[in-house]
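Coordinates in review
Given next are the chains, with one letter for each unit.
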Amino acid sequence: MTFEKDLNIDVTELRLGLPGTSEESERQASTTLRISNKRALPSVAAEKQCDQETAPPTKAQVVGWPPIRSYRKNSLQTKKTEVETSGMYVKVSMDGAPYLRKVDLKIYKGYPEVLKALEDMFKFKIGKYSEREGYNGSEFVPTYEDKDGDWMLVGDVPWEMFVNSCKRLRIMKGSEARGLGCVV
Amino acid sequence: MFWGSRKTIDMNYFPDEVLEHVFDFITSHKDRNSVSLVCKSWYKIEKYSRQRVFLGNCYSISPERLIARFPGLKSLILKGKPHFADFNLVPDDWGGFLYPWIKAMAKSRIGLEELRLKRMVVSDESLELLSESFPNFKSLVLVSCEGFTTDGLAAIAANCRFLRELDLQENEVEDHRGYWLSCFPGSCTSLVSLNFACLKGEINLASLERLVARSPNLKSLRLNRAVPFDTLQRLLIRAPQLVDLGTGSYIHDPSSEAYNKLKAAIQNCNSIRSLSGFLEVAPCCMPAIYPICENLTFLNLSYAAGLQSNELTRLIHHCRKLQRLWILDCIGDKGLGVVASTCKELQELRVFPSDPFDAGNAAVTEEGLVLVSEGCPKLNSLLYFCQQMTNAALITVAKNCTNFIRFRLCILDPIKPDPVTNQPLDEGFGAIVRSCKGLKRLSLSGLLTDQVFYYIGMYAKKLEMLSIAFAGNSDKGMLYVLNGCKKLRKLEIRDCPFGDTALLEDMGKYETMRSLWMSTCEVTLGACKVLAKKMPSLNVEIINESEQTEFNLDDRQKVDKMYLYRTLVGHRKDAPEFVWLL
């Protein structure tokens, strides 16, 4: 495989500029490159990078690249931002408390976090969770109402599923609570 | 009868009706076009008997001329905006409006029954007019279109009494919430295919259930995200005859009653060959669909962002008969290895990026592709978004799979060389075009010099569509392609150093092609003007989004975007201000 004489070895040199551009034409190339204001292809505007926002240097956004349909791009981004922005507020009631509270389930990453938050909110202590015995031994038991309208024990199902099916929370107290923790 | 007296010419031994009957068996557009060129009599017969027309570029002819040419038109396929519009390279309002076509066909009382559109601007007004003007209208397929709302869909539902197919693929639809589904009258029982997966809004679930219940011919049903798991279960009970299913939301508690019901319902659906959706998904619910996997020929999980590699591979283990697989790159190279060892019938593979903007994170590399090429000898169509590619891998793939018709490779960093050798990927793509003699469509990426175009011009003799980005060194590259690829129909180029010399070398070539797109290249306004002047059969359009007007732009200045196409009707009348028609 022979390259034609005109093509000098420079073109195979590992650089991050556009193929066929040299040092002098690089500046010219950068003005015709369609880039979003915030970021630039790493080589083309190395000097611009100091006043960029905190974008990691290798990440670049070129208009229309990668070539995927806007619809697909938007739906991937929606999935990400949905999780980030939309918030999932559910009512929380506690037996004996005069009024209800609301928590945003989306801000928690798992059960320990949300249970801690509830403990702080209502000033009580939840016992340790075990699959076999629920929250056996504690005076308070966290439960939730799912999409089917059933009252379930918090902690049985995977976190994602819980977040998607939980309609409201209820902190049960006393004997009622202990009944729920029993294994038949 | 349209064709007057039946004069028998010596050569013609058959009366016209017999010829017409014979022509009925000729279905390909190319062949029918050839038939109409044989002689005047054949032209006439073919003209009046033609029912299906394909227009790859809606601006190549006017609605009025189309109707005059084929008065018996029943089925029309129209494509509007250039392909790169899918990637936001074409500004809004560029064109591609459906309305004038509907208006003209309605006026001439065309008996339209089927309409398939791609990248067109479809207004509610046009959908309403369509629904009111064609009493036998049966099928509407919209792909990558925009401009309409669910109100337009409501008109279609309400007025098209014999509607069989409503298929919406990846359109941007303004959703006014779910009442449109309720507009299907109780008397509508003819639905065969309903796909509303791309709608973002709520759906009237009860209406949906009733609609499915009264559609015994329903074979294809693709739901949107707003349709929950338990509705899916009820729908499957009503439609066990489905061949193609797209789920909406697929999240539930696997120990629940609803889940068990779904499992049972799915097991009854033993005609399902095509599965998609899972727009939101709980991995633990996937086992419910294992029973239908063994018969699947098409599986599209490219929107199922909630499934990770291990779930995907568990699922794929069951899909031995798969012919087409669309998947996200989180499947990983190892997962593609499972595809390779399981799916021996695989013909088409599409691997999409799950995180398009994080070029460092694409989970598949050249290894996955090599594995698939080794395990799936029938592979003929590829769309592969990856982190990196090597020449060695491409050469291996070319050796293993010589049947490629479509080969589209997208390395997320568009100018990345072979990471092992630091060489451009010229040799790798060269091997592909040399080995795959039937290659019709090719998309390139990675670091590429003029050499790759030398190979393409030399070997890609059947190539019809070529997409190039950030490649090449000089005009030579583009010239190799224009001179060598005799069957080239569509050429789209962005960010390449190709300029006036290449553009103007063989102007007649463009008359043999559908279109040429060049953006952020080295082409000047002056050269475009020369081309436009010399070739009246071409429309040369410049898209200029800067402040400058036509008058203070120097001929020597480079154009942002140029789109040229052959046409029978000259300049279009609907171009916006930022499109200059030279």
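Residues numbered from 1 in each chain as written. Chains lettered and ligands numbered in written order. Predicted model: local features only at pLDDT ≥ 70, side-chain atom pairs only at ≥ 80, totals over all residues. Heavy atoms only, no water.

What follows deals with the overall build of chain B. Helix and strand counts for chain B stand at 20 helices and 25 strands. By the compact-globule yardstick of 25 Å for 582 residues, chain B fits well, its C-alpha radius of gyration being 26 Å. Overall, the C-alpha framework of chain B stretches about 70 × 70 × 55 Å when taken along its three principal axes. Sorting the 582 residues of chain B into buried and exposed places 60% on the buried side. Considering only contacts within chain B whose residues lie at least 6 apart along the sequence, 71% involve residues at least 24 apart. Of the roughly 22,800 Å² of accessible surface on chain B, 51% is carried by carbon and sulfur atoms. With 70 positive and 66 negative side-chain charges, chain B shows a separation of 8 Å between the mean positions of the two kinds. (Helix = DSSP H or I, 4+ residues; strand = E, 2+ residues; numbered from the N terminus. Rg over C-alpha atoms; globule rule 2.2 N^0.38 Å. Buried < 20%, exposed > 50% of the residue type's maximum accessible area, 1.4 Å probe, protein only. Contact = heavy atoms within 4.5 Å. Areas by Shrake-Rupley, 256 points an atom, 1.4 Å probe, with all protein chains shown as cover. Lys, Arg positive; Asp, Glu negative; His and termini not counted. Charge placed at Lys NZ, Arg CZ, Asp CG, Glu CD.)

This part is about the sheet that holds strand 3 (residues 140-145) of chain A. Across a sheet, paired strands are connected by hydrogen bonds in the backbone, their directions being either parallel or antiparallel. Residue and element names in this part refer to chain A. Strands sit in the order 2-1-5-3-4 across an open sheet of 5 strands; the sheet is mixed. Both outer strands of the open sheet, strand 2 (101-104) and strand 4 (151-153), are each paired with one neighbouring strand and no more. Going from strand to strand, the sheet's axes swing by 35° on average, the running direction of each strand aside. Of the pairings in the sheet, the one linking strand 1 (residues 89-94) to strand 2 comprises 4 bridges and is antiparallel in character. (Pairing = 2+ DSSP bridges. Axes fitted to C-alpha atoms, helices over the stretch in contact; angles between N-to-C directions.)

Secondary-structure assignment places Ser519 of chain B in strand 22 (residues 515-519). Contact partners of Ser519 of chain B, with chain neighbours within four places excluded, come to Leu89, Ile493, Arg494, Asp495, Asp560 and Lys561 of chain B.

Bringing helix 12 (residues 309-316) of chain B into the picture now. Turning to helix 12 of chain B, its buried residues are Glu311, Leu312, Thr313, Leu315 and Ile316 of chain B. Those residues of helix 12 of chain B hidden inside the fold are in contact with helix 11 (290-293), strand 14 (298-300), strand 15 (324-328) and helix 13 (332-342) of chain B.

The next thing to look at is the nonpolar core. Phe162 and Leu169 of chain A together with Tyr250, Phe407, Ile456, Leu503 and Leu516 of chain B are the most contacted members of the largest nonpolar core, which totals 233 residues. Every residue in contact with Tyr250 of chain B, bar those within four places of it in the chain, is listed here: Phe229, Leu232, Leu262, Phe278, Glu280, Val281, Ala282, Cys285, Met286, Ala288 and Ile289 of chain B. (Core = buried A, V, L, I, M, F, W, Y, C linked by side-chain atoms within 4.5 Å.)

Residues and elements named next belong to chain B. By the criterion of burial, strand 22 is predominantly enclosed, with 5 of the 5 residues buried. The pairing of strand 21 (residues 490-494) with strand 22 spans 5 bridges and is classified as parallel. Bridge pairing in strand 22 links Glu492 to Trp517. Inspection of the sheet shows strand 22 paired to strand 24 (residues 561-566) by 5 bridges, in the antiparallel sense. Bridging from a neighbouring strand, Ser519 pairs with Lys561 of strand 24.

Moving on, we come to the pattern of salt bridges. Residues and elements named next belong to chain B. Tallied over the full model, the rule gives 27 salt bridges over all chains. The salt bridge partner of Glu348 is Arg324, with a shortest N-O separation of 3.4 Å. Here Glu348 is found in strand 16 (residues 348-352), whereas its partner Arg324 is found in strand 15, with 24 residues between them in sequence. Owing to a relative accessible area of 7%, Glu348 belongs among the buried residues under this scheme. Of the charged contacts in the structure, one is a salt bridge between Lys378 and Glu345, with a shortest N-O distance of 2.8 Å. Note that Lys378 is positioned in the loop between helix 14 (366-375) and strand 17 (381-386) and Glu345 in the loop between helix 13 and strand 16, a separation of 33 residues in sequence. (Salt bridge = Lys/Arg side-chain N within 4 Å of Asp/Glu carboxyl O.)

With that out of the way, let us pick up the packing of helix 13 of chain B against helix 14 of chain B. Residue and element names in this part refer to chain B. Packing of helix 13 against helix 14 leaves a shortest axis separation of 8 Å and a crossing angle of 5°. Taken together, the axes of helix 13 and helix 14 are roughly parallel relative to one another. Every residue of helix 14 that contacts helix 13 at Asp333, Leu336, Gly337 and Ala340 is listed here: Glu367, Gly368, Leu369, Leu371, Val372 and Gly375. Residues that form the contact of helix 13 with helix 14 fall into these classes: 5 nonpolar, 3 polar and 2 charged. (Parallel < 35°, antiparallel > 145°, perpendicular 65-115°, else oblique. Nonpolar A, V, L, I, M, F, W, Y, C, P; charged D, E, K, R; others polar.)

Moving on: the packing of aromatic side chains. Aromatic rings considered in pairs are described by the distance between their centres and by the relative angle of their planes. Residue and element names in this part refer to chain B. Applying the stated criterion across every chain yields a total of 29 aromatic pairs over all chains. Each ring, one from Phe404 and one from Phe407, has its centre 5.0 Å from the other, and the planes form 80°; the classification is edge-to-face. In this structure an aromatic cluster arises from ring pairing among Tyr59, Phe84, Phe87, Trp94, Trp517, Tyr563 and Tyr565. (Phe/Tyr/Trp six-rings, centres within 6.5 Å; stacked < 30°, edge-to-face > 60°.)

Now for helix 1 (residues 16-24) of chain B. Residue and element names in this part refer to chain B. Along helix 1, the positions that sit buried rather than exposed are Asp16, Leu19 and Phe23. Around the axis of helix 1, the buried residues are gathered within 60° of arc, so they sit on the same side. If you follow the buried residues of helix 1, they end up packed against helix 2 (29-35) and helix 3 (40-49). (Arc of directions from axis to C-beta.)

All right, on to unusual backbone geometry then. Residue Pro66 of chain A is bonded to the preceding Trp65 of chain A through a cis peptide linkage, with omega at 0°. Relative to the elements of secondary structure, Pro66 of chain A occurs in the loop between helix 1 (23-32) and helix 2 (70-85). Unusually for a residue other than glycine, Arg119 of chain B sits at a positive phi of about 50°. Locating Arg119 of chain B in the fold gives a position in the loop between strand 3 (114-118) and helix 6 (124-133). Its identity is not glycine, yet Asp495 of chain B carries a phi of approximately 55°, on the positive side. Judged by relative accessible area, Asp495 of chain B falls into the buried class, the value being 5%.

It is worth spelling out the confidence of the model for chain A at this point. Confidence in the prediction of chain A, expressed as mean pLDDT, is 68, and 55% of residues score 70 or more. Confidence over residues 21-59 of chain A falls short of pLDDT 50; this stretch has 47 contacts with residues more than four positions distant or in other chains. (pLDDT = per-residue confidence, 0-100.)

With that settled, consider the side chain of His83 of chain B. Its place among the elements puts His83 of chain B in the loop between strand 2 (75-79) and helix 5 (99-107). Look past the residues within four positions of His83 of chain B in its chain and what remains in contact with it is Arg119, Arg441, Met465 and Glu492 of chain B.

Residue and element names in this part refer to chain B. Among the 5 residues of strand 16, 5 are classified as buried, and the element is accordingly described as predominantly covered. Of the two faces of strand 16, the one lined by Glu348, Arg350 and Phe352 and the one lined by Leu349 and Val351 are each fully buried. This β-α-β element, strand 15 to helix 13 to strand 16, shows right-handed connectivity. Relative to strand 17, strand 16 runs parallel, the two sharing 4 bridges. Residue Glu348 lies in a different strand from strand 17, and its bridge partner there is Ser381. (Right-handed = clockwise from strand over helix to strand, strands pointing away.)

Here the focus is the environment of Asp104 of chain A. Residues and elements named next belong to chain A. As for its placement among the helices and strands, Asp104 is situated in strand 2. We classify Asp104 as buried; its relative accessible area is 10%. Among the polar contacts listed, one links the side chain of Asp104 to the backbone nitrogen of Lys106, at a separation of 3.0 Å. (Polar contact = N/O pair within 3.5 Å; in protein donor to acceptor, adjacent residues only side chain to side chain.)

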